[in-house]
Amino acid sequence: MSACVPTRTQPLTHPDSHPHPPAPPPGRGSRRFRIAGADLAASITVFLLAVPMSLGLAVAIDAPLGASLVAAGVGGIVAGLLGGTPLLVSGPSAGLTVVSAELIQSYGWRTTCAITVLAGLLQIALGSLKAARSALAMSPAIVHGTLAGIGAAIALAQLHIVLGGSPQSSAVDNARALPDQLARVGPAAPLIGALTIAVLLTWPRLPGRTGKVLRRVPAALACVVIATGVAAVAAPDIARVDLPSWDAHVLPELPHGPAGGLVAAVLTVTLVASLESLLSAVAVDKLAAERPGGAPPHRADLDRELRGQGVANAVSGLLGGMPVSGGAVRGSANVRAGATGRASTVLHGVWVLLAAGLLVTLLEWIPLAALAALVMMVGIQMVSYAHIRKVHRHREFLVYVATVGGVLLFGVLQGVIIGIAVAVAVALRRVARTRITVHHQDDASYLVRARGQLTFLAVPRLTRALGQVPQGASAVVELDGSFMDHAAYEALQGWQATHTARGGEVRITGRSGGRVSEPASGAQSCCRPWTPWRNHHCHDKAPAPRRHGHQLASGLSSFQRNTAPLVRDELARLAREGQQPSQLFLTCADSRLVTSMITSSGPGDLFTVRNVGNLVPPPGAECGDDSVAAAIEYAVEVLRVESITVCGHSGCGAMQALLAAGPDAPQTPLRRWLRHGMPSLERMASRKHAWARIAGRLPADAVEQLCLTNVVQQLDHLRRHESVARRLAEGTLTLHGMYFHVGEAQAYLLASDDCEEVFEGVAPTPLEAALG
């Protein structure tokens, strides 16, 4: 029985305790447009975030400020009604600012609106042709590089406004003009910009109950409101937002200019808007699926989303608005605010349009420096260090850098083309570059090492290297690569058969030295009775159950037939010598955590303790349970393990139960055991401890935060055990914290410093990175 149950079943939570009813799948919901209370509240939250963000993006590209509010309203209403991701919120986006700024400089605002209409029509066509999934096939290094280049260009341009000046037409010109701008900086705008950034960064970390209430207000709104209030008192002459009368609002005109330039402009807007929308749709869909107690996971309809974005862009352009795309920031805020359906997105658009007509006087008090500082921080956040580490780990950093440089130097479309060209060149180099060496070992054996992909291009070098092995000699062929085509396979197999027939010995291994086995037969590759996670591939082949316990008997029979011959010698050695594990591994009883799989361990490697919630009761705890303490004492004192690891995981049912538990809950055995997790709950709410972070980001929700905090707290409990404290003082024992994200199959190790607890992702080996 799994102790930490999947989120789709909540046996420890009353059915009525879910905060929101499940939302219907996209496209299959009720025909009536229902507005839940949660959607109404979420729409207000997103509206308060969208207004300052939209105005700031309009300032960034020198577009009419009213056009940003038109785009936000149309994006919310039209894309909200027609899109394939109900919780995704559309509007003016940071990714389109650089593109739009170039278009305004080259063609003027009215032609830019016409280009937006044409890009929307092209998006509708692509969505109708089912091209959405194909767009996501682009290398992540190119996508992240494009967004990072756009973010850097945005930050450079907005820095000039924060310093009291005006941005130039390109990123290169902005960089060149920066020294002159710093030499003539004025006091008011930089101070208001600095105040905006300070509030934006500190607002999510406000402590205490008052901070918890204030944090419900979006940080983007809070920083703009505070900066506006301070500017009204301390800097009354600072440049402010100027919303012209709607009588001066302009509509698109027929595009004029070189046909090639107009086609490139339409393609650029389509590419950036589509990629950003689709990536945001996937992210928001995943976030909604992982939300505790939220809607059941329904896969986003990306083709419908692309068509909806196209209609929104066409309508926005026709009404004189900015181009729109789905935004991950607004979408994630919508999900975290508790939205259950598309009503929240649509209502947010309605509130924006009402504000555009009724709150013009209030909006005109906002300083331009505050909006510029807000957008500058958005641009900086688009250059993600986590993305840089990921592309570096997968050896695609050159592609990333080339894309960023191309976007900054030449433009978005040119940068994407440069990134694609570099990615193709890198891929061809990896395929063609193979190193084959022959080493004569001391024991009269030979090592033939092939590093890289073995294709027909490498067959001549492979056969020359194999020809250097004398007849009758013992040879090891080490293959350090992820691909071997048919020509290379036949060359290697033919040499192996000939060399063996002449009295030689050949062993083919991978990089780690393990023997490369022959493919399993059809009979051996069928589903095993104790692997239901594979059985969905072959339900038709599974025999019908004939008696109770048939899985156990069949599984034991399979072990005796297939696995026992492989491990019998090792288990016989362990039986003679006794167990000598090097590590105590304390983790949850959740059935999805296969410790041997995620740690690549075998018999005798780990001394494993599993319980509900991977809890370590401190010595002398009320309602104590000595079973865990006994295992710790035995592992530390008798087995003399060298390390202890506490491993938590995502979606832990025990942590969900802790969060949902009320004071009047019946004291069942499970509830009494979970009292050992209360210190983790108190630690998460304490002002004395910084929130744990995972791979440079804050946890996705309260459950993930508690899962991470619980690992840190249980390590503190471990240190209070006498045997552990003594070994730690001797320097013969180390403690490790670990977090396993089940949905991502990603392990994270705790790296602590004096300020905070950070869980860093475990990088694969270079070979695994190449395979990735």
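Worth saying up front: this structure is predicted, and the values here are computed from it rather than measured.

A. Looking closely at the side chain of S723. Note that S723 resides in helix α30 (residues 722-730). The contacts of S723, once residues within four sequence positions are left out, are I632, E633, V636 and E637.

B. Quick look at the side chain of R330. Looking at the element boundaries, R330 is found in helix α13 (residues 328-336). Although buried, R330 forms no salt bridge, and the nearest oppositely charged side chain, E276, lies 6.9 Å from it. There is a polar contact of 3.0 Å between the side chain of R330 and the backbone oxygen of P92. Beyond its immediate chain neighbours, meaning those up to four positions away, R330 contacts V46, L49, A50, V89, S90, G91, P92 and S325.

C. Region of the structure containing a positive patch on the surface. A surface patch of positive charge is lined by R209, K212, R215 and R216. Here R209 shows up in helix α9 (residues 208-214).

D. Spatial organisation of the pairing of strand β5 (residues 474-480). Of all 7 residues in β5, 5 are buried; the element is thus mostly enclosed. The sheet contact formed by strand β4 (residues 445-451) and β5 spans 7 bridges and is parallel. Bridge assignment links Y446 to a residue of β5, and that residue is A475. A crossover links β4 with its parallel partner β5, the connecting element being helix α20 (residues 459-467), and its sense is right-handed.

E. Structural view of the nonpolar core. Counting residues in hydrophobic clusters, the biggest one holds 75 residues, and the most contacted among them are L55, I115, I150 and M322. In this view, M322 contacts L57, A58, I61, A63, A67, S68, A71, P92, W109 and S316; residues no more than four positions away in its chain are not counted. Membership of the second largest hydrophobic core comes to 42 residues, among which are I632, L674, M684 and L708.

F. Main features of the pattern of salt bridges. Under the defined criterion, the tally for this structure stands at 10 salt bridges. A salt bridge links R573 to E570, with the shortest nitrogen-to-oxygen separation between them at 2.6 Å. Taken together, the positions of R573 and E570, both in helix α23 (residues 550-577) and 3 residues apart, correspond to about one turn of that helix. Since its relative accessible area comes to 34%, E570 is described here as partly exposed. For R573, the salt bridge identified is with E577, shortest N-O distance 2.7 Å. Here E577 and R573 lie together in helix α23, a separation of 4 residues that amounts to about one turn. According to the relative accessible area criterion, R573 is partly exposed, its value standing at 29%. Each of E570, R573 and E577 takes part in salt bridges that share partners, so that together they form one network.

G. A look at α13. Of the positions making up α13, those classed as buried are R330, G331, S332, A333, N334 and V335. With its phi angle positive at about 100°, G338 sits one or two positions after the end of α13.

H. Region of the structure containing α20. What α20 keeps buried is the set V459, L462, A465 and L466. Projection of α20 onto a plane perpendicular to its axis shows the buried side chains occupying an angular sector of 125°, all on one side. Turned more than 90 degrees away from the buried face of α20 sit R464 and G467, all of them exposed. Contacts from the buried residues of α20 go to β3 (435-440), β4, β5 and α21 (486-501).

Thresholds applied
- Residues numbered from 1 in each chain as written.
- Predicted model: local features only at pLDDT ≥ 70, side-chain atom pairs only at ≥ 80, totals over all residues.
- Heavy atoms only, no water.
- Helix = DSSP H or I, 4+ residues; strand = E, 2+ residues; numbered from the N terminus.
- Contact = heavy atoms within 4.5 Å.
- Buried < 20%, exposed > 50% of the residue type's maximum accessible area, 1.4 Å probe, protein only.
- Lys, Arg positive; Asp, Glu negative; His and termini not counted.
- Salt bridge = Lys/Arg side-chain N within 4 Å of Asp/Glu carboxyl O.
- Polar contact = N/O pair within 3.5 Å; in protein donor to acceptor, adjacent residues only side chain to side chain.
- Patch = residues over 30% accessible without salt bridge, like charges linked within 9 Å, V, L, I, M, F, W, Y side chains within 5 Å.
- Areas by Shrake-Rupley, 256 points an atom, 1.4 Å probe, with all protein chains shown as cover.
- Charge placed at Lys NZ, Arg CZ, Asp CG, Glu CD.
- Pairing = 2+ DSSP bridges.
- Right-handed = clockwise from strand over helix to strand, strands pointing away.
- Core = buried A, V, L, I, M, F, W, Y, C linked by side-chain atoms within 4.5 Å.
- Arc of directions from axis to C-beta.

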